[in-house]
Amino acid sequence: MSGGHSEYNPSNGFTKWLDARLPLPRFVYDSFIAYPVPRNLNGWYTFGAILAIMLIVQIITGVVLAMHYVASTAGAFNSVEFIMRDVNYGWLMRRLHANGASMFFFAVYIHIFRGMYYGSYKNPREVLWILGVLIFLLMMATAFMGYVLPWGQMSFWGATVITGFFSAIPLVGTTIQEWLLGGFAVGNPTLNRFFSLHYLLPFMIVGVVALHVWALHVTGQTNPTGVEVKNMKKETVPFTPYATIKDFLGLSLFFIVFAWFVFYLPDYMGHPDNYIRANSLKTPAHIVPEWYFLPFYAILRAITFNISIPFTDIVLINSKLGGVLAMVGSIAILFVLPWLDTSKVRSASYRPLYKQFFWVFVVVSVLLGWLGSKPADGGYVIAAQILTAYYFAHFLIILPWLGWYEKPKQVPPSIADAVLKKKSTAAQPAE
Amino acid sequence: MSAKSKSEPTRRDFLYIATGTMGAVGAAAVMWPPIRLMSPDASTLALSSIEVDVSSIEPGQAITVKWRGKPVFIRNRTDKEVEEAGAVAIDELKDKEARNQNLGAGPATAVNRSAGEGKENWIVMIGNCTHLGCIPVGLSGDFGGWFCPCHGSHYDTAGRIRKGPAPENLLIPPFEFISDETLKIG
Amino acid sequence: MKPIFSKLTGLCVVVFLAMGVSGAFAAEEGETPHYPIKKPREASWSFAGPFGKWDLGQLQRGYKVYTEVCSACHSIDLIAFRNLSGLGYSEAQVKAIAAEYEVTDGPDEDGEMFERTAVPSDRIPGPFANDEAAKASNGGALPPDFSLLAKARGVERGFPLFVFDVFTMYAENGPDYINSLLTGYQEAPTHIEISEGTYYNPYYVAGPSLAMAPPLDDGSVTYDDGAPETLDQYSKDVSAFMMWAAEPFLVTRKSMGFKVMIYLLIFSLLLYLTKKKIFAGIKD
């Protein structure tokens, strides 16, 4: 949207000199000050900025925690408690980091659902969306490895279970698993490499975020109407101060929720068992991942049956591999979402049916999360199987079918029209 | 915001200034915990004092103990060494300050450098050269005290810098004799 | 449009029916009973809520209960004597408490380990040299360390309580559990079989009975401050002490939280007003 031309005007000798050599101020000006954003963005669009700040919060708290953390099976648990008890503000940094991960996922889920609701993934923003899914995957890997570091019972058994996924791969599974673990079971080499990667991946996330923002600035932001900007002058406002102040407000409100958990309920999102030192001879009664993995965990556990060639006993995919495939698939399917949704209309505001299916999908995801926290027996498994089927049906059946079946509402010709119409109806509430 | 707002802040300007100030204060406040986190922690500070049994150190002998991760020289000096130290005029010294944390400021006399009246034979010093922190070697150098092999600093029998690049006398940590046998450092 | 709507509703009905059926299944499977048999009772704690404060008298009593009773079997590895200043003891009192203990130090010049009087920087020594010794003395059951127990125990709250907890700031699962357990020993009902050498307790999280005999009884510890010498009081005091041991910065955390909240609320309000002002400037 910003196109090739820049409105940056170096004001003094130094900025002119620098602009001819390294146009960094011009870049910042064009990207974060003059960059035009649609004027009708709502609060849900502040989560991008919130996520950027949360990434910085996680990196800063993480870097200082690493200064006191000991990555060894003998020292890890005690070093975390040392941080909590003896290090100046160590308790605060660790609480921020641990709860920050939860808040990060909370924000990313809102960000993803916002993208789904307003059809932000559609042409020409497919690459933008795919980069986002990639960030989500990297976040999951980072969060999982971070959870192993305190070396509590859940850390250890979570690591054991998750790395067990790889043993599901036919033929080479066990070899890959042992290669990942650096041993026959989760141990010192595992902890050390997880620490190393946990430190590395966030910087890779920063890199992909840069690409994500770059892609965003090429195509420009969508907006609640889903209509592309047609008249730059009438329909956009400069990023600063309009988007900046909105992002700050969103961030401040988000931080109230964040602080609520950090200061008053710091263990709410955690599991008591992680305050017990890892013990490789004793499994906790229920192994539960962190809440943000629960829907995927439920999908993993829903596949309890082997898939055979019909009328024979030849097993094509056993239940273990099936579960892993389903779980991987539930995330991988997001990569192809731009091509599964065949509707020409972007925003759910003008898609009455999609809007309903969207909310059903949200509810199904939350219910899957709830099931993921329940023991895997009896009715819970059946419910998880039904909901897993619906999860995939949403992408593979409902979305393609809707594009063909649904009759969208009249889409406004431009953002300006939509805004003006909204204003006039607001002025005459009697209508 | 035209020329008028420069001379007389409007209500809108006040709001902007208040919000901006609030944000700046908040940003500054959140920087503090991660910075403070890097300073010594409670368990490190708790180990800041040690007790040493010095009853077996004969005149002319020295031991080195570890205090706060640094070597501390504890030397029971011979009468000759004490005498030599006392014979040096303050004006001859490169660093005229006692550098004794038990005293505060004071001239680098032989008594001020020792464990005090009646215990002049004892000298307790942090064994890191005041140049760049290497450990000086005892009973060597041009003045019969300590010699730092890293960059050639010579200290006399009272641990005062006499020659070489080091700027200050060897630092004397806070210490006291709890009894004749026990020395408490820190 | 209509038929789709009804289809959708139908789908929702199917989903929720499935959930209902699943719930019923889960209930049927309840043949294997879920533990704990009884949910912990919620007590009132001075450190609960946004303005929670330690009751230092209670913490000191709790520490007394720990040293006189619990410490016969349970260690408290992560606590050093110097930490006891958090219970309101002066530096001299902490030194005096430490001086009552002997700790192993060394090796000395001869390579021997030796015993010396403890100093404030030492950790509180436990009753056993290692876990194996602890197990051997306790019929194979390992008495858990006390340092983190108040955070390492907690009974799942279940729906919908766990949603309310976010707003009521309920975070006392640990002390409530410990308190309920200590006061919850009773005769086993006839239909529940208890294995040899264990004691029935409906609040126990991992089964109908546990290896620890009822540790406290009315009058087993003498209090100097006139607090009632009852099982209930002991239990509450030691639970509070264990919460302190698990989270010594709890009160600091909450008081800092209040300041942060005030700041964020004012800042948000200012940002909101600024945003309104800025957006008022847009012309159509």
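Residues numbered from 1 in each chain as written. Chains lettered and ligands numbered in written order. Predicted model: local features only at pLDDT ≥ 70, side-chain atom pairs only at ≥ 80, totals over all residues. Heavy atoms only, no water.

**Details of the overall build of chain C**
Heads up, the condition is: Strands here mean DSSP runs of E at least two residues long; helices mean DSSP runs of H or I at least four residues long; both are numbered from the N terminus. Exposure classes here rest on a 1.4 Å probe applied to the protein chains alone. A residue is buried below 20% of its type maximum, exposed above 50%, and partly exposed in between. Contacts are assigned to residue pairs that have any heavy atoms within 4.5 Å of one another.
Of the regular secondary structure elements, chain C holds nine helices and four strands. Reading the helices (α) and strands (β) of chain C from amino to carboxyl end gives α-α-α-β-β-α-α-α-α-β-β-α-α. Put simply, chain C has 284 residues, and 39% of those count as buried. For chain C, restricting intrachain contacts to residue pairs at least 6 apart in sequence, the fraction spanning at least 24 positions comes to 62%.

**A look at the sheet that holds strand β2 (residues 61–67) of chain B**
Residue and element names in this part refer to chain B. Convention followed: Here a strand pair is declared whenever DSSP counts at least two bridges between the two strands. In this analysis, axes come from line fits to C-alpha atoms, helices being fitted only over the stretch in contact, and the angle between any two N-to-C directions falls in the range 0 to 180 degrees.
The strand order across the open sheet formed by three strands is β2-β3-β4, and the pairing between neighbours is antiparallel. Two strands bound the open sheet, and with one partner strand each, they are β2 and β4 (122–126). Between one strand and the next, the sheet's axes are offset by a mean angle of 20°, whatever the strand orientation. The sheet contact formed by β2 and strand β3 (residues 70–76) spans seven bridges and is antiparallel. If you follow Trp 67 over to β3, its bridge partner there is Lys 70.

**Quick notes on the nonpolar core**
Generally speaking, a soluble globular protein has its nonpolar side chains buried in company with each other. The cut-off we apply is this: Take the buried Ala, Val, Leu, Ile, Met, Phe, Trp, Tyr and Cys residues and link them wherever side-chain atoms come within 4.5 Å; each set so joined is a nonpolar core.
Counting residues in hydrophobic clusters, the biggest one holds 139 residues, and the most contacted among them are Phe 105, Met 116, Phe 136, Tyr 391 and Phe 395 of chain A. Counting residues per element, this core draws most heavily on helix α5 (residues 90–117) of chain A, which supplies 15 residues. Other than its neighbours up to four places away in sequence, Phe 136 of chain A contacts Phe 105, Val 108, Tyr 109, Ile 112, Phe 296 and Ile 331 of chain A. Ranked by size, the runner-up nonpolar core spans 48 residues in total, among them Leu 84, Tyr 89, Val 103 and Leu 210 of chain C.

**Describing helix α1 (residues 13–21) of chain A**
Each α-helix winds once per 3.6 residues, and so residues spaced three or four apart point in a common direction. All names here are of chain A. Using the following cut-off: Here the arc refers to the set of directions running from the helix axis out to each C-beta atom.
Restricting attention to buried positions, one finds in α1 the residues Thr 15, Leu 18 and Asp 19. Buried residues of α1 fall within an arc of 105° about the axis and therefore sit on the same side. Looking at α1, the residues exposed on the side facing more than 90 degrees away from the buried face are Gly 13, Ala 20 and Arg 21. Next to the buried residues of α1 lie α2 (24–32).

**Side note on unusual backbone geometry**
Following Asn 123 of chain A, the chain continues to Pro 124 of chain A via a peptide bond in cis, the omega torsion being 10°. Checked against the element boundaries, Pro 124 of chain A lands in the loop between α5 and α6 (126–148). Here the bond from Gly 106 of chain C into Pro 107 of chain C is cis, since omega is 0°, no more than 30 degrees from zero. With respect to the element layout, Pro 107 of chain C can be found in the loop between β1 (102–105) and β2 (114–117). Phi is positive for Trp 151 of chain A, which is not a glycine, with a value near 60°. Among the structural elements, Trp 151 of chain A can be located in the loop between α6 and α7 (153–164).

**Regarding a nonpolar patch on the surface**
Quick reminder of the rule: Two distance rules govern patches: like charges are joined within 9 Å, and nonpolar side chains (Val, Leu, Ile, Met, Phe, Trp, Tyr) within 5 Å, applied only to residues with over 30% relative accessible area and no salt bridge. Per-residue and other accessible areas follow the Shrake-Rupley method at a 1.4 Å probe size, with only the shown protein chains counted as cover for residues. Salt bridges, as used here, are contacts in which a Lys or Arg side-chain nitrogen is within 4 Å of a carboxyl oxygen on Asp or Glu.
A surface patch of nonpolar side chains, about 540 Å² in accessible area, is lined by Leu 22, Leu 24, Phe 27, Val 28, Phe 32 and Ile 33 of chain A. Relative to the helices and strands, Phe 27 of chain A is located in helix α2.

**Description of the confidence of the model for chain C**
All names here are of chain C. Quick note on the threshold: What pLDDT reports is the predictor's confidence in each residue, on a scale of 0 through 100.
Chain-level pLDDT for chain C is 88 on average; 88% of the residues reach the 70-or-more range. Low pLDDT (under 50) marks residues 23–31, which in the prediction has seven contacts with non-local residues, meaning those over four places away or in another chain. Here the prediction assigns the complex a pTM of 0.90, and the interface score ipTM is 0.91.

**Quick word on the interface of chain B and chain A**
Quick note on the threshold: Accessible area that two parts lose when put together, evaluated with a 1.4 Å probe and summed over both, is termed the buried area. Any N or O atom pair separated by 3.5 Å or less is treated as a polar contact, with the protein-specific requirement of one donor-capable and one acceptor-capable atom, and with residues adjacent in sequence counted only for side-chain atom pairs.
The interface of chain B with chain A comprises eleven residues on the first partner and twelve residues on the second. Note on chain B versus chain A: buried area summed over both sides is about 1000 Å², and carbon and sulfur give 71% of it. When the area that chain B buries against chain A is broken down by residue, the three leading residues are Pro 33, Leu 37 and Asp 41 of chain B, summing to 50%. In this assembly, chain B and chain A are joined by zero salt bridges. Our count for the chain B to chain A interface comes out at four residue pairs in polar contact (both at pLDDT 80 or more). At the level of secondary structure, the elements contributing two or more residues to the side of chain B that touches chain A comprise α2 (11–36) and α3 (42–46) of chain B. The dominant element in the side of chain B that touches chain A, judged by the number of residues it contributes, is α2 of chain B, at four residues.

**Concerning the domain arrangement of chain A**
A common way to express how large an interface is: the accessible area buried when the components associate. All names here are of chain A. Note the following rule: The source of the domain bounds is an automatic or database domain assignment.
Here chain A is partitioned into domain 1 (30–283) and domain 2 (288–407). Here domain 1 and domain 2 have C-alpha centroids that lie 23 Å from each other. Listed by partner, the interface residues are 41 residues for domain 1 and 34 residues for domain 2. When domain 1 packs against domain 2, close to 3400 Å² is buried across both sides, 70% of that on carbon and sulfur atoms. Considering only the side of domain 1, the residues that lose the most area to domain 2 are Tyr 117, Lys 122 and Phe 165, jointly responsible for 21% of the buried surface there. Connecting domain 1 to domain 2 are two salt bridges. Of the charged contacts, one joins Lys 122 and Asp 341 as a salt bridge, the two residues approaching to 3.2 Å between their closest N and O atoms. Counting the contacts that link domain 1 with domain 2 gives 14 residue pairs in polar contact (both at pLDDT 80 or more).

**Digging into the packing of aromatic side chains**
This is how it is decided: Between rings of Phe, Tyr and Trp, where Trp is taken as its six-membered ring, a pair exists when centres lie within 6.5 Å; planes separated by under 30 degrees are stacked, by over 60 edge-to-face, and by other angles tilted. Look at NZ for Lys and CZ for Arg. If either is within 6 Å of the ring centre and within 35 degrees of the ring normal, a charge sits over the ring.
All told, the structure shown has 58 aromatic pairs over all chains when counted by the stated rule. Among the aromatic side chains, those forming a connected cluster through ring pairs are Tyr 45, Phe 113, Tyr 117, Tyr 118, Tyr 354, Phe 358, Trp 359, Phe 361, Tyr 391, Phe 392 and Phe 395 of chain A. Here the basic side chain of Arg 61 of chain C rests over the ring of Tyr 223 of chain C, its NZ or CZ set 5.6 Å away from the ring centre. The ring of Trp 45 of chain C has Lys 236 of chain C sitting right over it, with the charged end atom 5.1 Å from the ring centre.

**Details of the pattern of salt bridges**
Inspection of every chain in the model, using the stated rule, returns 30 salt bridges over all chains. Ionic pairing is found between Asp 341 of chain A and Arg 351 of chain A, a salt bridge with its closest N-O pair at 3.3 Å. With a gap of ten residues between them, Asp 341 of chain A in the loop between α14 (337–340) and α15 (352–372) and Arg 351 of chain A in the loop between α14 and α15 connect regions that are remote in the sequence. Take Asp 341 of chain A: its relative accessible area is 5%, and that puts it in the buried class. Residue class for Arg 351 of chain A comes out buried when judged on its relative accessible area of 0%. Close ionic contact of Glu 406 of chain A with Arg 351 of chain A constitutes a salt bridge, the shortest N to O distance being 2.8 Å. Taken together, the residues span a long stretch of sequence, with Glu 406 of chain A in the loop between α16 (379–405) and α17 (415–427) and Arg 351 of chain A in the loop between α14 and α15 at a distance of 55 residues. Take Glu 406 of chain A: its relative accessible area is 8%, and that puts it in the buried class. One salt-bridge network, in which partners are shared between bridges, spans Arg 95 and Asp 267 of chain A together with Lys 151, Glu 247 and Arg 253 of chain C.

**Overview of the state of the cysteines**
Formally, a disulfide is one covalent bond, and it connects the sulfur atom of one cysteine to the sulfur atom of another. All names here are of chain B. As a reminder of what qualifies: What counts as a disulfide here is a pair of cysteine sulfur atoms lying within 2.5 Å.
Tallied over the entire structure, the rule returns one disulfide over all chains. Residue Cys 134 pairs covalently with Cys 150 via a disulfide, S to S 2.1 Å. The disulfide joining Cys 134 to Cys 150 has a torsion of about -100° about its S-S bond and is therefore left-handed. Here Cys 134, found in the loop between β4 and β5 (137–138), pairs with Cys 150, found in the loop between β6 (144–148) and β7 (153–156); they are 16 residues apart in sequence, far enough to count as distant. Cys 134 gets classed as partly exposed once you look at its relative accessible area, which sits at 21%. No disulfide involves Cys 129; its nearest neighbouring cysteine sulfur is the one of Cys 148, lying 3.9 Å away. By relative accessible area, which is 4% here, Cys 129 ends up buried.

**Regarding the sheet that holds β7 of chain B**
Residue and element names in this part refer to chain B. Taken together, the four strands give an open sheet; going across it, the order is β5-β6-β7-β8, and neighbouring strands pair in antiparallel fashion. Edge strands, defined here as strands with exactly one partner in the open sheet, are β5 and β8 (161–163). Of the strand pairs in this sheet, β6 and β7 are connected by four bridges, and their pairing is antiparallel. Bridge pairing in β7 places Trp 146 opposite Tyr 155.

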